[in-house]
Amino acid sequence: MPYRFRLKEPLDDGAQRIAREQLERAIKAFEDGAPTDLAIHGARRRLKKVRALLRLIRPGLGGKTYKHWNSDLRDTGVLFSDARDAIVMAAAADSLAEKAPARAKQAIAAVQRLMVAAQVQAGPDERNNAVSAGIERIRAAASDVENLRCGGLSIQDLGEGAAMGLEQSKDAFAHAFKAEDDESFHEWRKSVQRHWRHMQLLHAAWPEFFDVRANLAQDIARLLGDDHDLSILKTFAAERIGAGLTEKQAGVVFDFAQKRQDKLRAKAKVLGGALLAATPKALAQETEAYWEMSKDKKADQPPHQDDLGGGADAIEEEIAEANRPDSPLIQQ
């Protein structure tokens with residue numbers, strides 16, 4: 001079933017259904033034998049989708065319940081992290097090598113050899129044991145979904161949750177471009193991913209509006225995902241200086257990866273300016289108004305944007321403005 005709430009379904013029931021579907025799909029991906037890279041990636045993605053759901057319903061969930069579920073799923077995701085990092089780091093190195101000059105190619109090749117050696121040294125048992133523990137925790141969470149109750153979740157709660165997520169992303173955006181460090185951009189990426197999933201969850205209220213925001217957030221998340229993969233590669237290279245990699249080789253990899261990151265971040269900044277132009281208050285109002293109107297069969301169309309301060313048209317105008325050749329965002 002789609003990752004979204006249904007208009008005619010009690011929101012409490014919807015939250016349980018969505019969480020259960022994601023957890024059960026994560027388990028099913030591992031049923032065919034040894035854990036594949038695809039299954040590991042899928043499990044992490046589905047855990048993030050459940051955690052995004054928790055963030056959206058948090059205003060109606062209660063602090064104790066939220067903390068229990070969020071911390072449990074976060075710790076479960078950590079069990080898949082090493083395997084996931086090895087996968088994306090290898091892919092990042094391959095992608096970086098494709099456009100690298102000869103000197104950089106040699107340095108990247110040295111890093112790639114060390115990656116292979118590290119995986120051989122770790123062996124499959126360590127990875128499989130961690131993944132197996134993760135699978136068991138997902139099974140336990142799936143069996144406990146019946147206890148994920150809000151006691152009357154409302155669309156006002158969802159509107160507030162979406163607004164809180166947007167506010168956090170705006171703060172993370174501002175901090176990332178002030179700090180200019182890998183960790184800050186990773187935090188912004190996580191907040192953008194949550195906002196993307198919040199828009200997916202609210203899709204039924206007005207697909208045209210929420211799809212525009214979801215697609216834009218997804219584009220930003222992909223750019224920042226590539227950025228984060230490069231940061232993992234840089235960290236790996238830095239940790240291998242004097243242990244198979246010279247300081248000069250590591251410096252070449254670091255500099256070339258940073259140049260790629262600078263380009264990714266410049267693109268993300270333009271799109272981020274468009275996505276984050278809306279105010280949290282306006283998003284909460286739009287969410288509530290569109291949901292209630294869509295449930296009313298007599299409604300022919302959503303409320304006019306001028307009455308609610310934003311919407312899909314406003315986002316598209318922001319994107320067009322940001323991409324003009326003389327745009328100050330492009331110039332920066």
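Residues numbered from 1 in each chain as written. Predicted model: local features only at pLDDT ≥ 70, side-chain atom pairs only at ≥ 80, totals over all residues. Heavy atoms only, no water.

Asker: When you look at the overall build of the protein in this model, what are you seeing that I'm missing?
Answerer: Looking only at helices and strands, the protein features 12 helices and 0 strands. When the elements of the protein are put in sequence order from the N terminus, they spell out α-α-α-α-α-α-α-α-α-α-α-α. Among the 332 residues that make up the protein, the fraction classed as buried is 48%. A fraction of 77% describes how many contacts in the protein between residues 6 or more apart in sequence connect residues 24 or more apart. Accessible area of the protein: about 16300 Å², with a carbon and sulfur share of 51%. (Helix = DSSP H or I, 4+ residues; strand = E, 2+ residues; numbered from the N terminus. Buried < 20%, exposed > 50% of the residue type's maximum accessible area, 1.4 Å probe, protein only. Contact = heavy atoms within 4.5 Å. Areas by Shrake-Rupley, 256 points an atom, 1.4 Å probe, with all protein chains shown as cover.)

Asker: Got a minute to help me understand the layout of surface pockets in this structure?
Answerer: To find the voids left in a structure, one rolls a probe of water-molecule size over its atoms. There is about 740 Å³ of room inside the largest pocket. The wall of the largest pocket is formed by 28 residues, among which Asp82, Ala83, Asp85, Ala86 and Gln119 lie closest to the centre. Those elements that provide at least two residues to the lining of the largest pocket are α4 (81–98), α5 (102–143) and α8 (207–239). Here the element with the most residues in the lining of the largest pocket is α5; it accounts for 11 residues. Each residue belonging to the lining of the largest pocket can be placed in one class, and the counts come to 15 nonpolar, 5 polar and 8 charged. (1 Å grid on protein atoms, 1.4 Å probe; cavity = no way out; pocket = protein on both sides within 12 Å on 5 of 7 lines; lining within 4 Å. Points joined across faces, edges and corners; volume = space filled by probe spheres on them. Nonpolar A, V, L, I, M, F, W, Y, C, P; charged D, E, K, R; others polar.)

Asker: What exactly am I supposed to notice about the nonpolar core here?
Answerer: Proteins that are soluble and globular tend to have nonpolar side chains buried together. With 98 residues, the main nonpolar core has Phe5, Leu23, Ile57, Phe80, Leu158, Trp188 and Ile220 as its most contacted residues. Counting residues per element, this core draws most heavily on α8, which supplies 14 residues. For Ile220, the contacting residues outside a window of four places in its chain are Trp188, Val192, Ala268, Leu271, Gly272 and Leu275. (Core = buried A, V, L, I, M, F, W, Y, C linked by side-chain atoms within 4.5 Å.)

Asker: Looking at this structure, I do not really get empty space enclosed by the protein. What am I missing?
Answerer: Inspection of every chain in the model, using the stated rule, returns 1 cavity of 30 Å³ or more. Elements with a contribution of two residues or more to the lining of the largest cavity: α2 (37–61) and α6 (155–179). Looking at the lining of the largest cavity element by element, the count peaks at 4 residues for α6.

Asker: I keep staring at the side chain of Arg44 and nothing clicks. Help me out?
Answerer: Mapped onto the fold, Arg44 is located in helix α2. Residue contacts for Arg44: discarding those within four places in its chain leaves Gly77, Phe80, Ser81 and Arg84.

Asker: Just to check I follow, could you spell out the side chain of Ser231 for this structure?
Answerer: Positionally, Ser231 belongs in helix α8. Beyond its immediate chain neighbours, meaning those up to four positions away, Ser231 contacts Asp182 and Gln261.

Asker: Explain the packing of α6 against helix α7 (residues 182–201) here, please?
Answerer: Packed helices, taken two at a time, are described by their axes: the angle between them and the distance between them. Between α6 and α7, whose axes approach to 8 Å, the crossing angle comes to 155 degrees. Judged on the interaxial angle alone, α7 and α6 are roughly antiparallel. You can see that α6 and α7 cross each other, and the crossing is left-handed. On the side of α6, the interface is formed by Gly161, Ala162, Leu166, Gln168, Ser169, Ala172, Phe173, His175, Ala176, Phe177 and Ala179, while α7 contributes Ser184, Phe185, Glu187, Trp188, Ser191, Val192, Arg194, His195, His198 and Met199. Looking at side-chain class alone, the contact of α6 with α7 contains 11 nonpolar, 8 polar and 2 charged residues. (Axes fitted to C-alpha atoms, helices over the stretch in contact; angles between N-to-C directions. Parallel < 35°, antiparallel > 145°, perpendicular 65-115°, else oblique. Left-handed = near helix turned anticlockwise from the far one by under 90°.)

Asker: Before we go on, may I ask you to explain the packing of aromatic side chains in this structure?
Answerer: For the structure shown, the criterion picks out 10 aromatic pairs. Summarising the aromatic geometry, the rings of Phe177 and Trp188 are spaced 5.8 Å apart at their centres and angled 65 degrees between planes, so their arrangement reads as edge-to-face. Residue Phe177 is located in helix α6, and its partner Trp188 is located in helix α7; the two are separated by 11 residues in the primary sequence. Residue classification places Trp188 among the buried positions, given a relative accessible area of 0%. Three or more aromatic residues link up through ring pairs in this structure, and these residues are Phe173, Phe177, Phe185 and Trp188. In this structure, Lys234 packs its charged tip against the face of Phe254, placed 4.3 Å from the ring centre. Over the face of the ring belonging to Phe177 we find Lys269, whose NZ or CZ atom lies 5.1 Å from the ring centre. (Phe/Tyr/Trp six-rings, centres within 6.5 Å; stacked < 30°, edge-to-face > 60°. Lys NZ or Arg CZ within 6 Å of the ring centre and 35° of its normal.)

Asker: Got a minute to help me understand a negative patch on the surface in this structure?
Answerer: The grouping of Glu180, Asp181, Glu183 and Asp262 at the surface amounts to a negative patch. Here Asp262 lies in helix α9 (residues 247–275). (Patch = residues over 30% accessible without salt bridge, like charges linked within 9 Å, V, L, I, M, F, W, Y side chains within 5 Å. Salt bridge = Lys/Arg side-chain N within 4 Å of Asp/Glu carboxyl O. Lys, Arg positive; Asp, Glu negative; His and termini not counted. Charge placed at Lys NZ, Arg CZ, Asp CG, Glu CD.)

Asker: Mind showing me how you'd approach a positive patch on the surface here?
Answerer: Taken together, the side chains of Lys99, Arg103, Lys248, Lys259, Lys263 and Lys267 make up a positively charged region of the molecular surface. Here the element with the most residues in the positive patch is α9; it accounts for 4 residues. Tracing the backbone through its elements, the reader meets Arg103 in helix α5.

Asker: I tried to follow the pattern of salt bridges on my own but got confused; where do I start?
Answerer: A side chain with one charge may pair with a side chain of the opposite charge, provided their charged atoms come close. Taken as a whole and assessed by the stated rule, the structure comprises 12 salt bridges. Among the ionic pairs, Glu9 bridges to Arg6, the shortest N-O distance being 3.9 Å. Here Arg6 falls in the partly exposed class, since its relative accessible area comes to 35%. Here Glu9 ties to Arg17 by a salt bridge, and the two come within 3.0 Å at their closest N and O atoms. Via salt bridges that share partners, Arg6, Glu9, Arg17 and Glu21 belong to a single interconnected network.

Asker: Help me understand the packing of helix α1 (residues 11–28) against α2 in this model?
Answerer: Two elements in contact, α1 and α2, have axes separated by 8 Å at closest approach and are oriented at 165 degrees. When the axes of α1 and α2 are compared, the pair comes out roughly antiparallel. For the pair α1 and α2, the sense of crossing is left-handed. Where α1 approaches α2, its residues Ala15, Ile18, Ala19, Gln22, Leu23, Arg25 and Ala26 are matched on the opposing element by Ala43, Arg46, Leu47, Lys49, Val50, Leu53 and Ile57. By residue class, the composition of the contact of α1 with α2 is 10 nonpolar, 1 polar and 3 charged.

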